[in-house]
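# Fold and contact review
What follows is the residue order along each chain.
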Amino acid sequence: MSIQDLEKIFQDKIDNEIKIEPKDWMPEAYRKTNIRQISQHAHSEVVGMLPEGNWISRAPSLKRKAILIAKVQDEAGHGLYLYSSAETLGSSRDEMIAHLLSGKAKYSSIFNYPTLTWADMGAVGWLVDGAAILNQVMLCRTSYGPYARAMVRICKEESFHQRQGFESLLVLSRGTAEQKAMCQDAINRWWWPSLMMFGPKDSESTNSDQSMKWKIKRKTNDELRQQFVDMIAEQIKVLGMKLPDADLKWNEERKHYDFGEINWDEFWQVVKGNGPCNKQRLAARNKAHDDGEWVREAAIAYAEKKKQPKTQAA
Ligand code: BYC
C-alpha cells in the first residue's frame, strides 16, 4: 500500500471517531506528538507530587493528612498509567525519565511554584486540579486509544481532588480572620499560574492546529482557559473570596467572563527553567532516582533469578 493510502485510512479512522491503537499504522509525526504530550503529562503528575508532598508531615489533622497522602499517591498512579501509555508508542520508560532528569523534557509550568501555607493545598486542589480536569475530560476523547482509556480513570480521581481542595478552602473561608486571609493569599498566588496551565494563546500555540486535526486535542488552549475562568468566577462567590483580577467581568454579549492579560513573559521564563522552583524540583527528582538505584538493581536481579531453571535458582 502506498503512503498516501495509509494516510487516508488513518485520517478516515480519526474522522469517523475510531481510536488509533498501538499496532495501527500512524504517521511518524502523530506518534512523536503523542509521545511528547503523554510523556510531558506523565512528568507533570510525578513532579506534581512534590509541592503537595511538602505538606504531608504538616497537615493540620489526621483526616487532612490521610486525604493528602491519598491524593499524592493518586498522582504517582497517574504518572505510571501515562508512562505505560507512551511506551505503547515505542518510547522506553528509561528514555523518558532520562529526559525529565536532565531537564530536556517539559512538564507543567504550575509545579515550579512553591506551596507556602496550608491553604495552598486547598488552592492547588481547587484551581490546579480544576484546570487539569477540564483539559483531561477533553482528553478522554483523544484519538489515541491507550491515552484516552488512561484518562478515564485519571479523571475520576481528579474530580475527587478538586472537590477536596474546594472543601478545604471552604472551611478556611469560614474560619478566623487569619484563616480567611491565608485562603485569599493562596488564591491570589495560584490564580494566574493556573491560567497559564492551558498553554500559550492559540495564536502562539505551535502544536494546536495539527493536534486538533488529529483529534489529539479537542479544544484549543484559549477555549479551555475561558471555560475555566467561567467556572471559577462563579465558584469563588461561594467562598466569599476574590480573584486577583480587576478586569474580571461578565460580558453579556459574549456570555463569558472577560479577564485580564496573562503575564506571558513569566510563563515562558518558567517553561524555560527559570521559575521559582525549577531547580529544586529537578534536584528532588534526581535525588529520588539515585536513592532508588538499589531497588531497580534488586528488581533486575530478582527477574534474572526467576528466569533461571528451578534447580539452578535454588
Ligand atoms: N507548562 O503548542 P502548545 C495534574 C509548551 S498534572 C509547560 O500549545 P500543546 C496534577 C508545550 O509543551 C496535569 N510547558 O502545546 C498533578 C509546547 O512545547 P513543545 C498536566 C507548556 O502540547 C499533580 C509549547 O509550550 N496536564 O493534573 O499543543 C498534582 C507550545 O504549546 C505548557 C497535562 O499535561 C505549560 N503549562 O498544548 C496536581 C495535559 N503549556 O512540547 C495536579 C496534557 C504549553 O512543543 N497536555 N507548554 O516543546 C496537554 O493537553 C497539552 O500538552 C497542553 C499544551 C494543553 C498543556
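Quick note: structure is the one above.
All values reported here derive from a predicted model rather than from experimental measurement. (Residues numbered from 1 in each chain as written. Predicted model: local features only at pLDDT ≥ 70, side-chain atom pairs only at ≥ 80, totals over all residues. Heavy atoms only, no water.)

## Quick word on the side chain of Glu 52
Its place among the elements puts Glu 52 in helix α3 (residues 49–53). By relative accessible area, which is 2% here, Glu 52 ends up buried. Within the local environment of Glu 52, its side chain forms a polar contact with the side chain of Lys 71, the two groups lying 2.7 Å apart. Among all residues touching Glu 52, those that are not within four sequence positions of it are Leu 68, Lys 71, Val 72, Glu 75, Met 121 and Val 124. (Helix = DSSP H or I, 4+ residues; strand = E, 2+ residues; numbered from the N terminus. Buried < 20%, exposed > 50% of the residue type's maximum accessible area, 1.4 Å probe, protein only. Polar contact = N/O pair within 3.5 Å; in protein donor to acceptor, adjacent residues only side chain to side chain. Contact = heavy atoms within 4.5 Å.)

## Some details on the packing of aromatic side chains
Considering all chains together, one arrives at eleven aromatic pairs under this definition. Ring centres of Trp 250 and Tyr 257 lie 5.2 Å apart, and the angle between their planes is 75°; on these two criteria the pair is classed as edge-to-face. Residue Trp 250 is classed as partly exposed on the basis of its relative accessible area, which comes to 39%. Judged by relative accessible area, which is 9%, Tyr 257 ranks as buried. (Phe/Tyr/Trp six-rings, centres within 6.5 Å; stacked < 30°, edge-to-face > 60°.)

## A short note on the site of the ligand
Not every one of the 35 residues close to the ligand is listed here, only the nearest: Gln 40, Lys 106, Ser 205, Lys 217 and Asn 221. Between the ligand and Met 197 there is a distance of 3.3 Å, counted from a nitrogen atom to a backbone nitrogen or oxygen. Asn 207 has a polar backbone atom sitting 2.8 Å from an oxygen atom of the ligand. Out of a free accessible area of 1000 Å², the ligand has 91% covered by protein chains. When residues of the shell around the ligand are traced back to their parent elements, those giving at least two are α2 (28–47), α4 (62–87), α6 (119–139), α7 (145–173) and α11 (264–274). (Near = heavy atom within 4 Å. Areas by Shrake-Rupley, 256 points an atom, 1.4 Å probe, with all protein chains shown as cover.)

## Remarks on the pattern of salt bridges
Throughout the structure, instances matching the rule amount to 22 salt bridges. Here Lys 215 and Glu 17 are joined by a salt bridge, their closest N and O atoms 2.9 Å apart. You can see Lys 215 sitting in the loop between α9 (208–213) and α10 (221–239) and its partner Glu 17 sitting in the loop between α1 (3–15) and α2, a full 198 residues away along the chain. Put simply, Glu 87 and Arg 93 hold a salt bridge, and the shortest N to O gap is 3.1 Å. The class for Arg 93 is partly exposed, based on a relative accessible area of 25%. Taken together, the shared-partner salt bridges in this structure form one network comprising Glu 52, Lys 71, Glu 75 and Asp 129. (Salt bridge = Lys/Arg side-chain N within 4 Å of Asp/Glu carboxyl O.)

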